[in-house]
Amino acid sequence: MAETSENSTKETVRQYEDVEDQTFEELGLDARLIRALLKKGIKEPTPIQRVAVPLVLEGKDVVARAKTGSGKTFAYLLPLLQKLFTNNVQRKKLAPNAFILVPTRELCQQVYAEISSLIELCRVQVKAVQLTSNMRANDLRAALAGPPDVLISTPACVAKCLSTSILQATSINGSLETLVLDEADLLLSYGYENDIKAFTTHIPRSCQCLLMSATSSADVDKLKKLILHNPFILTLPEVGNQKDEVIPKNVQQFWISCPASDKLLYILALLKLELVQKKILIFTNNIDMSFRLKLFLEKFGIKSAVLNAELPQNSRLHILEEFNAGLFDYLIATDDSHTKDKEEATKESNGELRKSRKRIKQKLDSEFGVVRGVDFKNVYTVINFEMPQSVAGYVHRIGRTGRAYNSGSSVSLVSTDEMETLDEIKSFVGDDENNGSNSIAEFPLLTMNAVESLRYRAEDVAKSVTKIAVRESRAQDLRNEILNSEKLKSHFESNPRDLDLLKHDKVLSKKAPPPHLRDVPDYLVDKTTKEAREMVKLARDAMGNNSRSRVPKRKFKKGGDPLKALSAKPSKRSRNGDGHKRKRKKEV
Ligand SMILES: Nc1ncnc2c1ncn2[C@@H]1O[C@H](COP(=O)(O)OP(=O)(O)OP(=O)(O)O)[C@@H](O)[C@H]1O
């Protein structure tokens, strides 16, 4: 471990070249928490947990940067809970002892679910609550009555409570012991700067502050200066500042060059010919495109659900829960919604959608964030149907697979217009054919023959998915979800575990897909594609990758991965053959 003092009295930077294989016991964790983790199937700490837990237990301020899916949530939740229930002298407090601030409601819900389950499994007297901006003043007051020990919220909601005196500044000052800023790199970009600044004036000097983030950025530095006193800055080799260490190594990244007008055809080929493994998370940049894709796939018998900022919160949470529980395999998510779709919504409000949208009166939720930090379970493949608008967006999207010790892959469909973005991403993630780590390789399993064999059908169907059909479906889906949302609210108050009530991957079109579209006739699939498909299937079976099971997957031996072992493009492969061979050699 290398330790340097930056600014001698202010920051201690700890660079861990080699994190020792300590157990949770050796980190000083309470037996109740260890038992709770075991019940969740978690036996060994991840590297970030190994370095962060002891420091947090010691009461140090910590800035932890670790890759997506590296287990940052437990890195702060475990010691935080331990501190709360081991010093269980009845504290006289007027406000919660710990605040966990996150950028989105989805994260609020996720962190709340994690902490609640730990509390339940440990059987300890700790109360956690989550607040969201859409709660009425009375509900906020009721949630804070007591007060609870831990509060999970977006900064905006805390600011609202302060400005309406539901929370008193003096109470916070007298009670706050731990402040966590989770997904710190996003808090400012979500527009919470003023809310955070308003809050910081009430943080007592003695308060321990923890800042967790997946990437380092100017925003993280700004928050660090604003909030932390003598922080320990943790950098791990898997995190590092080096470019090639941003994406988890257990995620294989691929790209396919294709004309923008052929994207539907290409994704159909990938899914229908089963060249990618399930579960699959597909990203689009705007909501209309997600419905176009959903309707298109539906005509070929591929059912999917959509997830976006327009949906009511209850529905969004339920969709996530269903997807995580394995009730459906394809989820089409629209991200970057807090910027782009808002603009679109404004434009649309002047246009043809005005009537139907007005009736629905639904606004995009500025606290929505599907990509950042949300823990999608057992997603094997992330597909960028459209390229994200920033490098950070790419990192976070890809980070939805390969979580913890699982493996995964990503496939980006890249049009000519998006090539520049791909180059930028490649240079950021440290794509280096000679080095092999973190390279974004051309997807080897899709042949032109395979694509062309589906062209006629795909183009025919794509024509039928008109703009009007898309917009009607979007409005219809929204109406359904608003109704669902009401049902969900009352139903889940009494049946919180009933996930099967509403399936969100219902088909939108009235007609069932004709058999010739639902099943790809055998004669259309060439030999190479059949082999590729078989390899993907074998790999899935070998990994025990059944998206409907919650059993942790077996780790895949790199050498045995079909995406590395087989190429459906002999000519290209031989062109890049050297690079591939070198890569594989290095990995064995
Ligand atoms: N020690 C562990 N062993 C196995 N799985 C773990 C461990 N710690 C956490 N996990 C699981 O790993 C997944 C990812 O964890 P978490 O959401 O905390 O990642 P993260 O670092 O916060 O990612 P992101 O930056 O995307 O938010 C979760 O499903 C979590 O339950």
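Remember, it's a predicted structure, so these values are computed and weren't measured experimentally.

J.: Let's hear about unusual backbone geometry: which residues, and what values?
T.: Residues Gly-146 and Pro-147 are joined by a peptide bond in cis, for which omega reads -20 degrees. Here the bond from Lys-278 into Lys-279 is cis, since omega is -5 degrees, no more than 30 degrees from zero. Summarising the element assignment, Lys-279 is placed in the loop between α11 (263-272) and β11 (280-284). With a phi close to 55 degrees, Glu-274 is a non-glycine residue in the positive phi region. Within the secondary structure, Glu-274 sits in the loop between α11 and β11. Judged by relative accessible area, which is 38%, Glu-274 ranks as partly exposed.

J.: Talk me through the site of the ligand; I want residue IDs and the actual numbers.
T.: Close to the ligand lie 23 residues, the nearest being Glu-44, Gly-69, Thr-73, Glu-183 and Asp-375. Between Gln-49 and the ligand, the recorded distance is 2.9 Å, taken from a side-chain N or O atom to a nitrogen atom. In isolation the ligand exposes 640 Å². Once the protein is present, 90% of that is buried. Take the shell around the ligand: its biggest share by element is three residues, from helix α3 (residues 72-86). In terms of residue class, the shell around the ligand is made up of six nonpolar, eight polar and nine charged. Looking at which domains feed residues into the shell around the ligand, each of domain 1 (13-239) and domain 2 (251-338 + 366-505) gives three or more.

J.: Any chance you could break down the pairing of strand β14 (residues 381-384) for me, citing the residues and the numbers?
T.: Across the two faces of β14 the burial is the same, with Thr-381 and Ile-383 and Val-382 and Asn-384 all buried. As paired strands, β11 and β14 are joined by four bridges and run parallel to one another. Opposite Leu-281, over in β14, you have Val-382 as the bridge partner. Where β14 meets strand β15 (residues 408-414), four bridges bridge the pair, whose relative direction is parallel.

J.: Pulling in residues and values, what's your account of α11?
T.: Counting buried residues along α11, ten of its ten residues qualify, which places the element largely inside the surrounding structure. Taken residue by residue, α11 has Lys-263, Leu-264, Leu-265, Tyr-266, Ile-267, Leu-268, Ala-269, Leu-270, Leu-271 and Lys-272 as its buried positions. Looking one or two residues beyond α11, the residue adopting positive phi is Glu-274, at roughly 55 degrees.

J.: Any details on the UniProt feature "domain: DEAD-box RNA helicase Q" (unreviewed entry) in the chain? Residues and values, ideally.
T.: Here, the residues flagged by UniProt with the feature "domain: DEAD-box RNA helicase Q" (unreviewed entry) are residues 22-50. Measuring from the first to the last C-alpha atom of residues 22-50 gives 7 Å, for a span that is 45% helix and 0% strand.

J.: Explain the nonpolar core to me, using residue names and the numbers behind them.
T.: Across soluble globular proteins, nonpolar side chains show a tendency to be buried alongside one another. In this structure, Ile-267, Leu-270, Leu-271, Ile-282, Phe-296, Phe-443 and Leu-446 are the most contacted members of the largest nonpolar core, which totals 47 residues. In terms of residue count, the dominant contributor to this core is α11 (eight residues). In terms of nonpolar packing, the next biggest core, distinct from the first, is built from 45 residues, Leu-55, Ala-66, Leu-77 and Phe-232 among them.

J.: Residue-level account of the packing of α11 against helix α12 (residues 287-298), with values.
T.: For any two helices packed against each other, one specifies the crossing angle of their axes together with the interaxial distance. One can describe the packing of α11 onto α12 by two numbers: an axis separation of 11 Å at closest approach and a directional angle of 50 degrees. Our classification of the angle between α11 and α12 gives oblique. α11 and α12 meet at a crossing whose hand is right-handed. Along its contact with α11, which presents Leu-264, Ile-267, Leu-268 and Leu-271, the element α12 presents Arg-292, Leu-293, Phe-296 and Leu-297. Looking at the contact of α11 with α12, its residues break down into seven nonpolar, no polar and one charged.

Reading the values: the criteria
- Residues numbered from 1 in each chain as written.
- Predicted model: local features only at pLDDT ≥ 70, side-chain atom pairs only at ≥ 80, totals over all residues.
- Heavy atoms only, no water.
- Helix = DSSP H or I, 4+ residues; strand = E, 2+ residues; numbered from the N terminus.
- Buried < 20%, exposed > 50% of the residue type's maximum accessible area, 1.4 Å probe, protein only.
- Near = heavy atom within 4 Å.
- Polar contact = N/O pair within 3.5 Å; in protein donor to acceptor, adjacent residues only side chain to side chain.
- Areas by Shrake-Rupley, 256 points an atom, 1.4 Å probe, with all protein chains shown as cover.
- Nonpolar A, V, L, I, M, F, W, Y, C, P; charged D, E, K, R; others polar.
- Domains from an automatic or database assignment.
- Pairing = 2+ DSSP bridges.
- UniProt positions renumbered as here; feature names shortened; annotations may be inferred.
- Core = buried A, V, L, I, M, F, W, Y, C linked by side-chain atoms within 4.5 Å.
- Axes fitted to C-alpha atoms, helices over the stretch in contact; angles between N-to-C directions.
- Parallel < 35°, antiparallel > 145°, perpendicular 65-115°, else oblique.
- Left-handed = near helix turned anticlockwise from the far one by under 90°.
- Contact = heavy atoms within 4.5 Å.

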